[in-house]
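Overview (structure and organization)
Given next are the chains, with one letter for each unit.
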Amino acid sequence: MEIQGLKSWGGHYKRPLIMAGPCSAETFEQLRETAYGIRNHGVNIIRAGVWKPRTRPNNFEGIGVSALKWIRDIKAELNVEFAVEVANPLHVEEALYHGIDILWIGARSTVNPFSIQEIANSLRGVDVPVFVKNPINPDLSLWIGAIERLHQAGLTKIGAIHRGFSSYQKTRFRNVPQWRIPLDLKKTFTEIPLICDPSHIAGNRSMIFELSQKAADLDFDGLMIETHRQPDDAWSDAKQQITPARLGEILGQIKFRNPTSRNKEFISHLEELREEIDHLDQELYEVIANRMKLVDQIGYYKRDNNVTIFQKNRWKEISNSRHSWADKLGLDPEFMDELFKMIHENSIKRQTLIMNQEIEKTRNVS
Ligand code: PEP
Ligand code: MN
């Protein structure tokens, strides 16, 4: 599905689209110093949480409107854009009043269509960029639904942020990435920018580079990385934040590849190679079809001679020989073992059908 009207916005920001900044705005100095550091590494979109959705009560829940005033001053001084999270119409009103450039909707809001509809209604007539984080639970429809609600309210600059999915089981991630889901979202909405938030996926700073590179390899359009002047002293999400200096290192090391190239020679050579692949795949299918014809022939032969379908020694022999062929041909033997097992299983299934047909026939006669 493609939603009309979202097309032109991809080029609004240069790719990769990088947002970095603290989990939460804490003090004017913390925010200003962090923004300075980040801007010095070439990033000019600063994120900052102003209202914080905390899982348990009685924690720091964000500075609120006073932080928006700090942001206004810092924007004027540094010539950067700011993104903040909004969770209700009041947040939207305050953020827009204080000149916030980009809004994002947090994972805890995306799960709730009532909240999303209220936010969408409050944004009617204001075409501000809005990024929608995936819902906490791995439900692609909820994510799509939130984007549709915003679009129906007239917004055209909509983006998505992948921040991983909650799971009860302990894993090495704070939120499991389940990359298939954001990639399916990208297939649904081909034109909207999709960025990755490795900080909330990882939950610790040691995995930020690895996850960012993975997102770049999967053709994400950018990153949102939690960055703090003194991560260990952060008032929220201390373990996963990195310093502006580390952000600079990571951005310098990531290889962002192009989804395609304008180079004519590259395009025509790629087409040639793809044509060759298509031919080979066709041959591969024909070979499998011929193999299955032989399998059927053997099935009838076994049936007529009252011989079992599965023959242990034959299976041992062929799996050994195929394993060593894989080795010799430079193929991954484990992968080829799996593939061959599937082909063999399907062969047995066909021969079983042939045997059963015979049983049916004798039953009908008696
Ligand atoms: C955040 O970005 O600080 C945040 C609360 O994220 P999420 O909604 O992904 O949990
Ligand atoms: Mn956070």
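These numbers come from a predicted model, not from an experiment. (Residues numbered from 1 in each chain as written. Chains lettered and ligands numbered in written order. Predicted model: local features only at pLDDT ≥ 70, side-chain atom pairs only at ≥ 80, totals over all residues. Heavy atoms only, no water.)

With respect to the overall build of the chain
The secondary structure content of the chain amounts to 13 helices and eight strands. Over its C-alpha atoms the chain spans a radius of gyration of 28 Å, topping by over 25% the 21 Å that the globule rule assigns to 366 residues. Projected onto the principal axes, the alpha-carbon positions of the chain cover approximately 90 × 50 × 40 Å. The buried share of the chain, reckoned over its 366 residues, is 42%. Long-range contacts, defined as pairs at least 24 residues apart, comprise 74% of the intrachain contacts of the chain with a sequence gap of at least 6. Here the chain has roughly 20,600 Å² of accessible surface; of this, 52% comes from carbon and sulfur atoms. For the chain, the distance from the average site of its 48 positive side-chain charges to the average site of its 48 negative ones is 3 Å. (Helix = DSSP H or I, 4+ residues; strand = E, 2+ residues; numbered from the N terminus. Rg over C-alpha atoms; globule rule 2.2 N^0.38 Å. Buried < 20%, exposed > 50% of the residue type's maximum accessible area, 1.4 Å probe, protein only. Contact = heavy atoms within 4.5 Å. Areas by Shrake-Rupley, 256 points an atom, 1.4 Å probe, with all protein chains shown as cover. Lys, Arg positive; Asp, Glu negative; His and termini not counted. Charge placed at Lys NZ, Arg CZ, Asp CG, Glu CD.)

What about the packing of helix H1 (residues 28-40) against helix H2 (residues 65-78)?
Packed helices, taken two at a time, are described by their axes: the angle between them and the distance between them. Packing of H1 against H2 brings their axes to within 10 Å, and their N-to-C directions diverge by 35°. In terms of crossing hand, the pair formed by H1 and H2 is right-handed. Every residue of H2 that contacts H1 at Phe28, Leu31, Arg32, Ala35, Tyr36 and Arg39 is listed here: Trp70, Ile71, Asp73, Ile74, Glu77 and Leu78. Of the residues assigned to the contact of H1 with H2, the class counts are eight nonpolar, no polar and four charged. (Axes fitted to C-alpha atoms, helices over the stretch in contact; angles between N-to-C directions. Left-handed = near helix turned anticlockwise from the far one by under 90°. Nonpolar A, V, L, I, M, F, W, Y, C, P; charged D, E, K, R; others polar.)

A few points about the site of ligand 1
Around ligand 1, a shell composed of 13 residues is seen, among which Arg47, Lys52, Arg108, Lys133 and Arg163 lie nearest. Glu226 is positioned with one of its side-chain polar atoms (N or O) 3.2 Å from an oxygen atom of ligand 1. Burial of ligand 1 by the surrounding chains reaches 97%, relative to a free accessible area of 300 Å². (Near = heavy atom within 4 Å. Polar contact = N/O pair within 3.5 Å; in protein donor to acceptor, adjacent residues only side chain to side chain.)

Notes on the pattern of salt bridges
Under the criterion given, the structure shown has 20 salt bridges. Among the salt bridges present, the one from Asp219 reaches Arg15, with a minimum N-O distance of 2.8 Å. Taken together, the positions of Asp219 in the loop between helix H9 (208-217) and strand E8 (222-226) and Arg15 in the segment before strand E1 (17-21) put the pair 204 residues apart, joining distant regions of the chain. For Arg246, the salt bridge goes to Glu249, with nearest N and O atoms at 2.7 Å. Of this pair, Arg246 and Glu249 both sit in helix H10 (residues 244-253), separated by three residues, roughly a single helical turn. Owing to a relative accessible area of 44%, Glu249 belongs among the partly exposed residues under this scheme. Put simply, Arg15, Lys186, Asp219 and Asp221 are held in one network by salt bridges that share partners. (Salt bridge = Lys/Arg side-chain N within 4 Å of Asp/Glu carboxyl O.)

What to know about the side chain of His344
Along the chain, the position of His344 falls in helix H13 (residues 333-365). For His344, the contacting residues outside a window of four places in its chain are Phe310, Trp315 and Ile318.

Focus on the coordination of the manganese ion (ligand 2)
Only Cys23 (SG), His200 (NE2), Glu226 (OE) and Asp237 (OD) from the protein reach the manganese ion (ligand 2) as donors, at distances of 2.1 to 2.4 Å. Between consecutive donors of the manganese ion (ligand 2), the numbers of intervening residues give the motif C-x176-H-x25-E-x10-D. Highlighted residues: Glu226 in strand E8 and Asp237 in the loop between E8 and H10, separated in sequence by eleven residues. (Donors = N, O, S within 2.8 Å, 3.2 Å for Na, K, Ca; no water.)

Topic: the domain arrangement of the chain
Domains assigned within the chain are domain 1 (6-253) and domain 2 (264-365). A C-alpha centroid distance of 49 Å is found between domain 1 and domain 2. (Domains from an automatic or database assignment.)

A few points about helix H5 (residues 113-122)
Among the residues of H5, those classed as buried are Ser115, Ile116, Ile119 and Ala120. For H5, the angular spread of the buried residues around the axis is 135°, confining them to a single face. Buried positions along H5 lie against helix H3 (89-97), strand E4 (102-105), helix H4 (107-110) and helix H6 (140-152). Sitting at the head of H5, Asn112 places a side-chain oxygen 2.9 Å from the backbone nitrogen of Phe114. (Arc of directions from axis to C-beta.)

Side note on the nonpolar core
Generally speaking, nonpolar side chains in soluble globular proteins are found buried as a group. Counting residues in hydrophobic clusters, the biggest one holds 66 residues, and the most contacted among them are Phe82, Val84, Leu103, Leu123, Ile147 and Leu150. Looking at this core element by element, the count peaks at six residues for H2. Beyond its immediate sequence surroundings of up to four residues, Val84 is in contact with Ala48, Val50, Leu68, Ile71, Ala95, Ile100, Ile102, Leu103 and Trp104. Core analysis: the second largest hydrophobic core is formed by eleven residues, Tyr13, Leu17, Phe131 and Ile161 among them. (Core = buried A, V, L, I, M, F, W, Y, C linked by side-chain atoms within 4.5 Å.)

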